[in-house]
Amino acid sequence: MENFLNYLLFFCKMEVRNKKALLIAGDESYMKIGIFSFHCYLLGQAGFSPDSVVILPGEIGSSYTLRRIRIFFEKIKDEDSLTDAIVVYCGHGDFEAIHPAKSPLHYEKVAKLINHTGRFVFISDACYSGSAIPAFRSVGILPSRGLVITSARANEESYGSKLLEALIVSYSGRGVFKRKKIAQIERDYKPRIIVEDGVKK
């Protein structure tokens, strides 16, 4: 698999390949804010055109979300199967699924829909999101075809859109984001993010 620095090019204007994004927001306000911020980053700094980004609200539920993911990748296959695709989810999750509108959508079902021939990046900013990695591996698309970035291990909770914040900060400065330490501390009753310097494999 290409190393992570090559995948970083996917997020910036150095690539001329077609690229599309599907952003899925959970049903709480901070989740929608996280997706909105990432949407602004993609359009403002990562070279995505407005018509190449699709946003799905969490209220639509898991069944409709699954259908929209299927339509998203079918359209890519019809237009240009080599298109690079990014799917971002910010919301609730459990040990094997994301929970748009608090209804489960299993990671394996999502992975099976990523059937174009281009590269992909899947970002899950949810509790227990590390469980996406074995699910994507079981389908056979990881690590050969893409990358999965999660905000938590399979057995731990997340901090609520802090991963997306860290990615935006890192990619905006063209920095390398491999495994940053994201921690939450209390200061004046407001959470903030601490990111370790350096790169870890």
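Structural notes, computed from the coordinates.

## Overview of the overall build of the protein
Item 1. Regarding its fold elements, the protein presents six helices and nine strands.
Item 2. Counting every position in the protein, which comprises 201 residues, the buried fraction comes to 47%.
Item 3. Considering only contacts in the protein between residues 6 or more positions apart, those separated by 24 or more positions represent 70%.
Item 4. Per element, the accessible surface of the protein, about 10100 Å² overall, is 53% carbon and sulfur.

## Details of the sheet that holds strand β3 (residues 84–90)
Item 1. One open sheet accounts for five strands, arranged β2-β1-β3-β6-β7; its pairing is parallel. Looking at strand neighbours, the two that pair on one side only are β2 (53–56) and β7 (146–150), the edges of this open sheet. Each neighbouring strand pair of the sheet contributes to a mean axis angle of 10°, computed without reference to strand direction.
Item 2. Bridge count for β3 against strand β6 (residues 120–125) is six bridges, and the pairing is parallel. Residue Ile 86 lies in a different strand from β6, and its bridge partner there is Val 121.
Item 3. Where helix α6 (residues 162–172) meets the sheet, it contacts β3, β6 and β7, and its direction lies at approximately 135° from that of β6.

## A look at the environment of Thr 117
Item 1. Along the chain, the position of Thr 117 falls in the loop between α4 (107–113) and β6.
Item 2. Separated by 41 residues in the primary sequence, Thr 117 and Ile 76 have C-alpha atoms spaced 9.5 Å apart.
Item 3. Not counting the four nearest positions on each side in its chain, Thr 117 is found in contact with Ser 81, Leu 82 and Arg 145.

## Quick word on the packing of aromatic side chains
Item 1. Applying the stated criterion to the full structure yields six aromatic pairs.
Item 2. Pairing Phe 95 with Tyr 128 gives two aromatic rings, centres 4.3 Å apart and planes at 35°, and the pair type is tilted. With a gap of 33 residues between them, Phe 95 in the loop between β3 and β4 (97–98) and Tyr 128 in the loop between β6 and α5 (132–139) connect regions that are remote in the sequence.
Item 3. Consider the rings of Phe 120 and Phe 136, whose centres lie 5.9 Å apart with planes at 35°: the pair is tilted. Taken together, the residues span a long stretch of sequence, with Phe 120 in strand β6 and Phe 136 in helix α5 at a distance of 16 residues.

## Observations regarding helix α3 (residues 61–79)
Item 1. Across its 19 residues, α3 extends 27 Å between first and last C-alpha, which sits within 8% of the 27 Å expected from 1.5 Å per residue.
Item 2. Taken together, the buried positions of α3 are Gly 61, Ser 62, Thr 65, Leu 66, Ile 69, Phe 72, Phe 73 and Ile 76. On an axial view of α3, the arc spanned by its buried residues comes to 165°, and they lie on one face. Every exposed residue of α3 that faces more than 90 degrees away from the buried side is listed here: Ser 63 and Asp 78.
Item 3. On the buried face of α3, the contacting elements are β1 (19–25), β2, β3, β5 (105–106) and α4.

## Comments concerning the packing of helix α2 (residues 29–44) against α6
Item 1. Here α2 crosses α6 at 15°, and the two axes come no closer than 10 Å. In terms of orientation, α2 and α6 fall into the roughly parallel class. By crossing handedness, the relation of α2 to α6 is classed as left-handed. Between α2 and α6, the residues in contact are Gly 34, Ile 35, Ser 37, Phe 38 and Tyr 41 and Leu 164, Leu 167, Ile 168, Tyr 171 and Ser 172, respectively.
Item 2. By residue class, the composition of the contact of α2 with α6 is seven nonpolar, three polar and no charged.

Procedures and definitions
- Residues numbered from 1 in each chain as written.
- Predicted model: local features only at pLDDT ≥ 70, side-chain atom pairs only at ≥ 80, totals over all residues.
- Heavy atoms only, no water.
- Helix = DSSP H or I, 4+ residues; strand = E, 2+ residues; numbered from the N terminus.
- Buried < 20%, exposed > 50% of the residue type's maximum accessible area, 1.4 Å probe, protein only.
- Contact = heavy atoms within 4.5 Å.
- Areas by Shrake-Rupley, 256 points an atom, 1.4 Å probe, with all protein chains shown as cover.
- Pairing = 2+ DSSP bridges.
- Axes fitted to C-alpha atoms, helices over the stretch in contact; angles between N-to-C directions.
- Phe/Tyr/Trp six-rings, centres within 6.5 Å; stacked < 30°, edge-to-face > 60°.
- Expected span 1.5 Å × (residues − 1).
- Arc of directions from axis to C-beta.
- Parallel < 35°, antiparallel > 145°, perpendicular 65-115°, else oblique.
- Left-handed = near helix turned anticlockwise from the far one by under 90°.
- Nonpolar A, V, L, I, M, F, W, Y, C, P; charged D, E, K, R; others polar.

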